[in-house]
Amino acid sequence: DTAVSQTPKYLVTQMGNDKSIKCEQNLGHDTMYWYKQDSKKFLKIMFSYNNKELIINETVPNRFSPKSPDKAHLNLHINSLELGDSAVYFCASSQKAGGNRETQYFGPGTRLLVL
Amino acid sequence: AQSVTQPDIHITVSEGASLELRCNYSYGATPYLFWYVQSPGQGLQLLLKYFSGDTLVQGIKGFEAEFKRSQSSFNLRKPSVHWSDAAEYFCAVGATGGGNKLTFGTGTQLKVEL
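**Details of the nonpolar core**
Item 1. Counting 27 residues, the largest nonpolar core has Leu19(B), Trp35(B), Leu47(B), Leu48(B), Phe74(B), Leu76(B) and Tyr89(B) as the members making the most contacts within it.
Item 2. Those elements that provide at least two residues to this core are strand E2 (10-14), strand E3 (19-21), strand E5 (33-38), strand E6 (44-50), strand E8 (64-68), strand E9 (73-78), strand E10 (87-94) and strand E12 (108-113) of chain B.
Item 3. With 4 residues, the top contributor of residues to this core is E10(B).
Item 4. When sequence neighbours within four positions are dropped, the list of residues in contact with Tyr89(B) reads Gln6(B), Leu21(B), Trp35(B), Tyr36(B), Val37(B), Leu47(B), Phe63(B), Leu76(B), Gly107(B), Thr108(B) and Leu110(B).
Item 5. Membership of the second largest hydrophobic core comes to 19 residues, among which are Ile21(A), Cys23(A), Tyr89(A) and Val114(A).

In structure tokens:
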């Protein structure tokens, strides 16, 4: 069973479109994250939710909106896609937000290409 | 703010040779340090982590890392590399405050020559 899953795995779309990426974890974790990995492989956190509550919101354009319907799901909606949004988006989860020692488990990534 | 530096962008080693990947961190207190591996087209997998105690930590796949506070380093080592170890390796530091934010280095790409 996949611990952290993301759909879709690949997403190719035109500039200006709106798209969503879904993430689900079956680990029973309380905290979920979205990271962006750019073309140089640099990974940067975007958002973090703890039990459906937003706790990390890095400097991300407001075209990006995370939504957590329950603690096992964290979706990422992107409005008005731009070329610079092309990247690999990783979802992750951990047991709880407090105590920075919690191991984060990553999904396989969603490769987004904006044309 | 915390930061992580991985000085080597690419490293090539022969199969069976030893490996050391460098990681330096900047952090105001005792860091929580992690090494993750990313195989091509895959997500990140945790190799090992350091929180406290013994400064030499063992991980999966025969990897180990040593925390050296005086050098602000957390280098990853493996005595004998296998071809399947070819991947991207990321060092990360756990952030202060809430949220369990990880700050990653820029990664080191490992190639293994047969």
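**Some thoughts on the state of the cysteines**
Item 1. This model, assessed by the stated rule, comprises 2 disulfides over all chains.
Item 2. Sulfur-sulfur distance for the disulfide between Cys23(A) and Cys91(A) comes to 1.8 Å. Here the disulfide of Cys23(A) and Cys91(A) is left-handed, its torsion about the S-S bond being about -75 degrees. You can see Cys23(A) sitting in strand E3 (residues 19-25) and its partner Cys91(A) sitting in strand E9 (residues 87-94), a full 68 residues away along the chain. In this pair, the class of Cys23(A) matches that of Cys91(A), namely buried.
Item 3. With its sulfur 2.0 Å from that of its partner, Cys23(B) forms a disulfide with Cys91(B). On the sign convention where negative is left-handed, the bridge of Cys23(B) and Cys91(B), at about -65 degrees about the S-S bond, is left-handed. Of this pair, Cys23(B) sits in the loop between E3 and strand E4 (24-26) while Cys91(B) sits in strand E10, and the two are 68 residues apart along the sequence. In this pair, the class of Cys23(B) matches that of Cys91(B), namely buried.

**Description of the layout of surface pockets**
Item 1. Its volume calculated, the largest pocket comes out at about 240 Å³.
Item 2. The wall of the largest pocket is formed by 17 residues, among which Gln37(A), Lys41(A), Val88(A), Gln38(B) and Gly41(B) lie closest to the centre.
Item 3. Broken down by secondary-structure element, the contributors of at least two residues to the lining of the largest pocket are E9 and strand E11 (110-114) of chain A together with E10 of chain B.
Item 4. Per element, the largest residue contribution to the lining of the largest pocket is 3 residues, and it comes from E9(A).

**Section: the interface of chain A and chain B**
Item 1. Tallying the contact residues gives 27 residues for chain A and 25 residues for chain B.
Item 2. Both sides of the chain A and chain B interface together cover about 2000 Å² of buried area, and 51% of this is carbon and sulfur.
Item 3. If you look at where chain A meets chain B, you find 1 salt bridge.
Item 4. Notably, a salt bridge pairs Lys41(A) with Glu88(B), separated by 3.5 Å at the nearest N-O pair.
Item 5. Between chain A and chain B we count 5 residue pairs in polar contact (both at pLDDT 80 or more) in total.
Item 6. Looking at the side of chain A that touches chain B residue by residue, the class counts come to 11 nonpolar, 8 polar and 8 charged.

**Quick look at the packing of aromatic side chains**
Item 1. Applying the stated rule across the entire model yields 16 aromatic pairs over all chains.
Item 2. Aromatic rings pair up to connect Tyr33(A), Tyr35(A), Phe90(A), Phe106(A), Tyr32(B), Phe34(B), Tyr36(B), Phe51(B), Phe90(B) and Phe104(B) into one cluster.

**Considerations on unusual backbone geometry**
All names here are of chain A.
Item 1. Backbone torsion omega between Thr7 and Pro8 reads -5 degrees, so that peptide bond is classified as cis.
Item 2. Counting through the fold element by element, Pro8 comes out in the loop between strand E1 (4-7) and strand E2 (10-13).
Item 3. A positive phi is found at Lys41, a non-glycine position, where the angle reads about 75 degrees.
Item 4. Within the fold, Lys41 resides in the loop between strand E4 (31-37) and strand E5 (43-50).
Item 5. Judged by its relative accessible area of 32%, Lys41 is partly exposed.
Item 6. A positive phi is found at Ser80, a non-glycine position, where the angle reads about 45 degrees.
Item 7. Along the polypeptide, Ser80 turns up in the loop between strand E8 (73-78) and E9.

Criteria and cut-off values
- Numbers given for residues are sequential positions, taken from 1 along each chain in its written order.
- Starting at A for chains and at 1 for ligands, labels are handed out in the order in which the entities are written.
- Two thresholds apply to this predicted model, a pLDDT of at least 70 for residue-level local features and 80 or more for giving and counting side-chain atom pairs, whereas whole-chain, interface and lining totals are computed over all residues.
- With hydrogens and water excluded, all non-hydrogen atoms of the structure serve as input to the side-chain values.
- Put simply, buried Ala, Val, Leu, Ile, Met, Phe, Trp, Tyr and Cys residues joined by side-chain atoms within 4.5 Å make one nonpolar core.
- Residue burial is assigned from relative accessible area. The probe radius is 1.4 Å, only protein chains are included, and a residue is buried under 20% of its type maximum, exposed over 50%, and partly exposed in between.
- Runs of H or I in DSSP of at least four residues are treated as helices and runs of E of at least two as strands, each being numbered from the N terminus.
- Contacts: residue pairs with any heavy atoms within 4.5 Å of one another.
- The disulfide criterion used throughout: a pair of cysteine sulfur atoms within 2.5 Å.
- Space inside and on the surface of the protein is sampled on a 1 Å grid over the protein atoms alone, with a cavity defined as a set of points where a 1.4 Å probe fits but cannot get out and a pocket as an open set with protein on both sides within 12 Å along at least 5 of 7 lines; lining residues have an atom within 4 Å of a point.
- Grid points are joined across faces, edges and corners, and a volume is the space filled by probe spheres set on the points.
- Once two parts are brought into contact, the accessible area they lose, counted with a 1.4 Å probe and summed over both, makes up the buried area.
- We define a salt bridge as a contact between a side-chain nitrogen of Lys or Arg and a carboxyl oxygen of Asp or Glu at a distance within 4 Å.
- Distance and chemistry together define a polar contact, namely a pair of N or O atoms within 3.5 Å, with one atom able to donate a hydrogen and the other to accept it when in protein, and with adjacent residues in sequence counting only for side-chain atoms on both sides.
- Just so you know the grouping, Ala, Val, Leu, Ile, Met, Phe, Trp, Tyr, Cys and Pro go in nonpolar, Asp, Glu, Lys and Arg go in charged, and all remaining residues, Gly too, go in polar.
- Two aromatic rings, drawn from Phe, Tyr or Trp (for Trp, its six-membered ring), form a pair once their centres lie within 6.5 Å of each other, and the interplanar angle then sorts them: stacked below 30 degrees, edge-to-face above 60, tilted otherwise.

So far we have only geometry, and geometry alone does not tell us how the molecule works.
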